[in-house]
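An overview of the molecular structure
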4 protein chains.
Amino acid sequence: MQKDAKAQVTKRLQRIEGQVRGLSRMVEEDRYCIDIVTQISAVRAALRKVEEEVLRDHVAHCVEGAIASGNRADQRKKIAELMEVFGRAER
Amino acid sequence: MQKDAKAQVTKRLQRIEGQVRGLSRMVEEDRYCIDIVTQISAVRAALRKVEEEVLRDHVAHCVEGAIASGNRADQRKKIAELMEVFGRAER
Amino acid sequence: MQKDAKAQVTKRLQRIEGQVRGLSRMVEEDRYCIDIVTQISAVRAALRKVEEEVLRDHVAHCVEGAIASGNRADQRKKIAELMEVFGRAER
Amino acid sequence: MQKDAKAQVTKRLQRIEGQVRGLSRMVEEDRYCIDIVTQISAVRAALRKVEEEVLRDHVAHCVEGAIASGNRADQRKKIAELMEVFGRAER
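Just so we're clear, the structure is a prediction, and the values are computed from it rather than from any experiment. The numbering scheme is per chain: residues are counted from 1 as the chain's sequence reads. Chain labels run from A onward and ligand labels from 1 onward, assigned in the order the entries are written. The predicted nature of this model means local features are confined to residues of pLDDT at least 70 and side-chain atom pairs, given and counted, to a pLDDT of 80 or more, with totals for whole chains, interfaces and linings taken over all residues. With hydrogens and water stripped out, all remaining heavy atoms of the structure feed into the side-chain values.

**Re empty space enclosed by the protein**
Two kinds of site are reported from a 1 Å grid over the protein atoms alone, namely cavities, where a 1.4 Å probe fits but cannot get out, and pockets, open sets with protein on both sides within 12 Å along at least five of seven lines, and residues are called lining when an atom falls within 4 Å of a point. Grid points are joined across faces, edges and corners, and a volume is the space filled by probe spheres set on the points. Scanning the entire structure with this criterion turns up two cavities of 30 Å³ or more. Computed from the structure, the largest cavity encloses a volume of approximately 80 Å³. In terms of lining, the largest cavity is formed by Val63, Ala66, Ile67, Gln75, Lys78 and Ile79 of chain A together with Val63, Ala66, Ile67, Gln75, Lys78 and Ile79 of chain D. Starting at the N terminus, helices and strands are each numbered in turn, a helix being any DSSP run of H or I of at least four residues and a strand any DSSP run of E of at least two. For the lining of the largest cavity, the secondary-structure elements that each account for two or more residues are helix 2 (33-69) and helix 3 (72-90) of chain A together with helix 2 (33-69) and helix 3 (72-90) of chain D. Following the grouping adopted for this structure description, the nonpolar residues are Ala, Val, Leu, Ile, Met, Phe, Trp, Tyr, Cys and Pro, the charged ones are Asp, Glu, Lys and Arg, and the polar ones are all others, Gly among them. Across the lining of the largest cavity, the residue classes tally to eight nonpolar, two polar and two charged. Quantified by volume, the second largest cavity comes out at close to 70 Å³. As for the second largest cavity, its lining consists of Val63, Ala66, Ile67, Gln75, Lys78 and Ile79 of chain B together with Val63, Ile67, Gln75 and Ile79 of chain C. Broken down by secondary-structure element, the contributors of at least two residues to the lining of the second largest cavity are helix 2 (33-69) and helix 3 (72-90) of chain B together with helix 2 (33-69) and helix 3 (72-90) of chain C. Among the residues forming the lining of the second largest cavity, the class breakdown is seven nonpolar, two polar and one charged.

**Description of helix 2 of chain A**
Residue and element names in this part refer to chain A. What a helix should span is 1.5 Å times the count of its residues minus one. If you check helix 2, its first and last C-alpha atoms are 52 Å apart, about what 37 residues at 1.5 Å a residue would give, namely 54 Å. Along helix 2, the sharpest kink reaches roughly 35 degrees, centred on His58. A positive phi of about 75 degrees marks Gly70, the residue just after helix 2. Throughout, bend refers to the angle between the axes fitted to the seven residues that end at a position and the seven residues that start at it.

**A few points about the packing of aromatic side chains**
For any pair of aromatic rings, geometry is given as the distance between the ring centres together with the angle between the planes. Ring geometry is summarised as follows: Phe, Tyr and Trp rings, the Trp one being its six-membered ring, pair when their centres sit within 6.5 Å, and such pairs are stacked at plane angles under 30 degrees, edge-to-face over 60 and tilted between the two. Across all of its chains, the model carries two aromatic pairs over all chains by this definition. Pairing Phe86 of chain A with Phe86 of chain D gives two aromatic rings, centres 4.0 Å apart and planes at 20 degrees, and the pair type is stacked. Taken together, the residues Phe86 of chain A in helix 3 and Phe86 of chain D in helix 3 connect one chain to another. Neither residue differs from the other here; Phe86 of chain A and Phe86 of chain D are each classed as buried. Note on classification: 1.4 Å probe, protein chains only; a residue is buried when its accessible area is under 20% of the maximum for its type, exposed when over 50%, partly exposed between these limits.

**Observations concerning the relation of the copies chain C and chain D**
One copy of the chain maps onto the other through a rotation about an axis plus a displacement along that axis. Between chain C and chain D, the superposition needs a rotation of 180 degrees and an axial shift of 0.0 Å, giving an RMSD of 0.0 Å. Each copy turns onto its partner about a two-fold axis. The contact rule is simple, with two residues in contact once any of their heavy atoms fall within 4.5 Å. Mapped onto chain D, 97% of the interface residues of chain C are again interface residues, and the two copies thus contact each other with one and the same surface. Here the copies were fitted onto each other by least squares, based on C-alpha atoms from residues at pLDDT of at least 70 in both.

**Looking at the interface of chain B and chain C**
The interface is formed by 20 residues belonging to chain B together with 20 residues belonging to chain C. Just to be clear on terms, a salt bridge is a Lys or Arg side-chain nitrogen sitting within 4 Å of an Asp or Glu carboxyl oxygen. At the junction of chain B with chain C, the criterion picks out two salt bridges. Between Glu64 of chain B and Arg76 of chain C there is a salt bridge, with its nearest N and O atoms 2.6 Å apart. Any N or O atom pair separated by 3.5 Å or less is treated as a polar contact, with the protein-specific requirement of one donor-capable and one acceptor-capable atom, and with residues adjacent in sequence counted only for side-chain atom pairs. Run the count over chain B and chain C and you get seven residue pairs in polar contact (both at pLDDT 80 or more). If you list the elements that add at least two residues to the side of chain B that touches chain C, you get helix 2 and helix 3 of chain B. For the side of chain B that touches chain C, the element with the highest residue contribution is helix 2 of chain B, accounting for ten residues. By residue class, the composition of the side of chain B that touches chain C is ten nonpolar, three polar and seven charged.

In structure tokens, the structure reads:
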């Protein structure tokens with residue numbers, strides 16, 4: 001991953017790790033179920049953002065690299081990988 | 001939350017916290033983007049499972065309590081909360 | 001369903017039926033795949049709107065009726081049905 | 001689209017058009033809301049299948065064509081289109 005994206009993603013992941021720890025605390029403190037569920041949705045959305053950031057970086061560099069190289073086998077592999085990722089994402 | 005569900009959810013959340021830490025490590029070690037995205041999907045799915053577990057417990061106890069109590073205002077509040085949660089979930 | 005919601009939903013469904021017919025035409029005319037996929041997403045979003053409208057009406061009347069009646073068995077049935085619908089919706 | 005995929009997709013879309021007409025009928029006949037919502041989910045799932053089929057065909061032919069041609073600008077365009085489609089799909 002490129003230096004900037006890497007720093008950005010790492011920062012997001014550390015914040016998410018703290019949010020998950022916060023969820024354990026909410027459960028421990030018997031917080032209202034609906035507030036816990038609302039917070040879980042927030043963490044899932046934050047993970048989605050990280051996913052999008054990693055994919056953007058992947059396309060801008062790994063996939064772009066396969067295009068620039070003119071290596072067809074590598075280009076096909078990159079497309080197949082993206083299709084598999086998105087097949088999952090759509091589920 | 002009921003004692004068992006609470007223990008179960010807490011265990012799941014601790015595992016998820018470890019998985020998020022693992023994600024930071026994968027980024028740090030420049031692991032392949034697609035492997036990182038695949039692992040992010042796994043963590044999001046694990047959070048979804050926790051969400052479902054918390055909601056099941058909520059319906060089995062908080063919502064059931066509102067029904068048993070016969071308190072209509074409370075019953076309406078519980079339904080409105082669920083609709084809001086699911087409105088988000090469907091987005 | 002209430003008279004207004006029924007009219008509204010029927011109008012939406014007729015428009016959606018026309019959109020699906022339009023999709024067959026796009027395929028017939030060999031329109032660009034990406035344009036077809038974009039239109040499919042639009043139809044799926046329109047169906048989601050209908051779903052939300054039907055559910056809103058259901059909660060405002062069938063579920064509200066179960067609450068007003070004070071019939072606990074019916075209230076439990078209504079909640080179980082909603083949970084099942086949303087379990088699917090979240091998938 | 002390739003001849004076979006085209007026939008397959010057209011058949012699916014005609015079935016879906018009939019399902020949407022069936023939904024209007026269900027509303028007209030005041031069928032139970034939950035049954036209507038369940039049927040709407042079935043139609044949305046059927047549309048998703050069509051979407052996947054169109055995309056598979058797109059990748060196997062349009063995207064593959066861009067790779068075979070070695071035309072980098074076209075390859076970049078194809079990737080950008082897929083990313084946009086999937087960005088929507090994930091929302």
